[in-house]
Amino acid sequence: MIYLDNAATTKPHPACVEAMRQALTEHWGNPSALYRFGIDAARQLRTARQSVAQALGAPTECVYFTACGTESDNWAIFSSAERLGKRGKHIITSAVEHSAVRKPMKKLEEQGFEVTYLMPDAKGRITVEALQNALRKDTILVSIMMVNNESGAVMPIEKMAKLTHSVCPNALFHTDAVQGFFKVPFRASTLGADMISVSGHKVHASKGVGALYVRSGLKLPPYLIGGGQEGGLRSGTEGLPQIMGFAAACEALLSERMANITRQNELKTMLQEGLRCIDGVKLLGAQEAPHIVNLAVRGLRSQGLLNALQDREICVSAGSACSKGHRSHVLQAMGVDPELIDGSIRVSLSSETTKEEIETFLAAMPEVIASLK
Ligand code: PLP
């Protein structure tokens, strides 16, 4: 099988699998328990937090484990609104966010908040100027994603966070970095964002774990209340197997981060150049991130392309795997012709993708197109 849907999920790294095995067989105590076995689990949790924090470029105490990127986004958005809702009711986000941000925003609108949705350019980029024009005295929160999961556009988060804090010193800046973590080099401690969401299964860890970075000194209201885990902010017995697996994946990938980015960029360029030579193929979006290439074939439907590729043991996704058959709101916001949207597929790479796999995909595409036409 040739797996080219790494923006949807990635294969767990062998180090992650081994760490999870150890967690399930040797460190399965409750980290809150006060006997040696529990204290050992707490020690494993502390070490794991250090590893994820190191990968994020953040102080260890700023990293909170969650169950997924979606939870991190929900927590950041709802808690910011709860904390600052008395100061103002204006929130800024973009029209191309993942549903994990879009839907909480819709919910806040129902509760009386006013949300401004910044529109992207034709490539899917959100500009600093667009944010500048939207910031107001009563803006309390800005949430802009680091990398768009469909267009591969990389947003200027550092500049946006700086601008937000200079124009609105009391506003909070959140970025959904689920597609940016290990793909776009950043350090949480210098990025300037108050909150950063990441997810384990996008970076060769397992499903069921994510993290929220919360800037030192920022007091967010708790998201889950109960036993007081995660500094009292996110109660619930910690999912140590997933957390240890996440940490192991981060450790394994960290030393190779820049080499992996370079390699994926080379493969992406090869993929783009190959696709440009195939009749009828149109590349969509900025495709600045090293791992995302979106394309459409006029006159063909995504599902047909997907099935024909699947028959050749090649997995890609129809636009965003999370959009579940709906016409992509991202491509719509970019003003892409609806016929092209209906024929769009996303090819996404990882550190495991090989040159041979890209060659096989490129060789299959003209055959697939011919067979469908
Ligand atoms: N944000 C972005 C940009 C994503 O691409 C995804 C998943 O595709 C999420 C958030 C949700 O992450 P998770 O699947 O960990 O909930």
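Structure: see above.
So, a few notes on the structure that sits alongside this text. No experiment lies behind these values; they were computed from the predicted model shown. (Residues numbered from 1 in each chain as written. Predicted model: local features only at pLDDT ≥ 70, side-chain atom pairs only at ≥ 80, totals over all residues. Heavy atoms only, no water.)

1. Observations concerning the overall build of the protein chain
- Scanning the protein chain from N- to C-terminus turns up 13 helices and twelve strands.
- What you see for the protein chain is a C-alpha radius of gyration of 21 Å, in line with the 21 Å of a compact globule of 373 residues.
- Projecting the C-alpha coordinates of the protein chain onto the three principal axes gives extents of approximately 65 × 55 × 30 Å.
- Relative to its full complement of 373 residues, the protein chain shows a buried share of 58%.
- Within the protein chain, contacts between residues at least 6 apart in sequence are counted, and of these 73% link residues at least 24 apart.
- For the protein chain, the accessible surface area stands at approximately 15,600 Å², while carbon and sulfur atoms represent 53% of it.
- Taken together, the 40 basic and 37 acidic charged side chains of the protein chain have centroids lying 5 Å from each other. (Helix = DSSP H or I, 4+ residues; strand = E, 2+ residues; numbered from the N terminus. Rg over C-alpha atoms; globule rule 2.2 N^0.38 Å. Buried < 20%, exposed > 50% of the residue type's maximum accessible area, 1.4 Å probe, protein only. Contact = heavy atoms within 4.5 Å. Areas by Shrake-Rupley, 256 points an atom, 1.4 Å probe, with all protein chains shown as cover. Lys, Arg positive; Asp, Glu negative; His and termini not counted. Charge placed at Lys NZ, Arg CZ, Asp CG, Glu CD.)

2. Examining the site of the ligand
- Lining the immediate surroundings of the ligand are 14 residues, of which Gly 69, Thr 70, Asp 176, Ser 199 and Lys 202 lie closest.
- At 2.8 Å, a backbone N or O of Gly 69 approaches an oxygen atom of the ligand.
- A distance of 2.6 Å separates an oxygen atom of the ligand from a polar atom in the side chain of Ser 199.
- Alone, the ligand offers 390 Å² of accessible surface; in the complex the protein occludes 92% of this.
- Counting residues per element, the shell around the ligand draws most heavily on helix α3 (residues 69–84), at three residues. (Near = heavy atom within 4 Å. Polar contact = N/O pair within 3.5 Å; in protein donor to acceptor, adjacent residues only side chain to side chain.)

3. Some remarks on the packing of helix α10 (residues 302–311) against helix α13 (residues 355–372)
- Where α10 meets α13, the axes come as close as 10 Å, and the angle between the chain directions of the two elements is 125°. For the element pair α10 / α13, the angle class is oblique. When the axes of α10 and α13 are compared, the crossing they make is right-handed. Facing α10, whose interface residues are Gly 304, Leu 305, Ala 308 and Leu 309, α13 presents Phe 361, Ala 364, Met 365, Val 368 and Leu 372.
- Classifying every residue of the contact of α10 with α13 by side-chain character gives eight nonpolar, one polar and no charged. (Axes fitted to C-alpha atoms, helices over the stretch in contact; angles between N-to-C directions. Parallel < 35°, antiparallel > 145°, perpendicular 65-115°, else oblique. Left-handed = near helix turned anticlockwise from the far one by under 90°. Nonpolar A, V, L, I, M, F, W, Y, C, P; charged D, E, K, R; others polar.)

4. Re helix α1 (residues 14–25)
- Between its terminal C-alpha atoms α1 stretches 16 Å, which fits the 16 Å expected from twelve residues at 1.5 Å a residue.
- Of the positions making up α1, those classed as buried are Cys 16, Ala 19, Met 20 and Ala 23. The arc that holds every buried residue of α1, seen down its axis, measures 100°, which confines them to one face.
- If you follow the buried residues of α1, they end up packed against α8 (240–254). (Expected span 1.5 Å × (residues − 1). Arc of directions from axis to C-beta.)

5. Here's the deal with the sheet that holds strand β9 (residues 281–284)
- Reading across from one edge, β9-β10-β12 is the order of the three strands in this open sheet, with antiparallel pairing throughout. Of all the strands in the sheet, the pair left with one neighbour each is β9 and β12 (344–348). If you compare each strand with its neighbour and ignore which way they point, the axes differ by 35° on average.
- Relative to strand β10 (residues 292–297), β9 runs antiparallel, the two being bridged by four bridges. (Pairing = 2+ DSSP bridges.)

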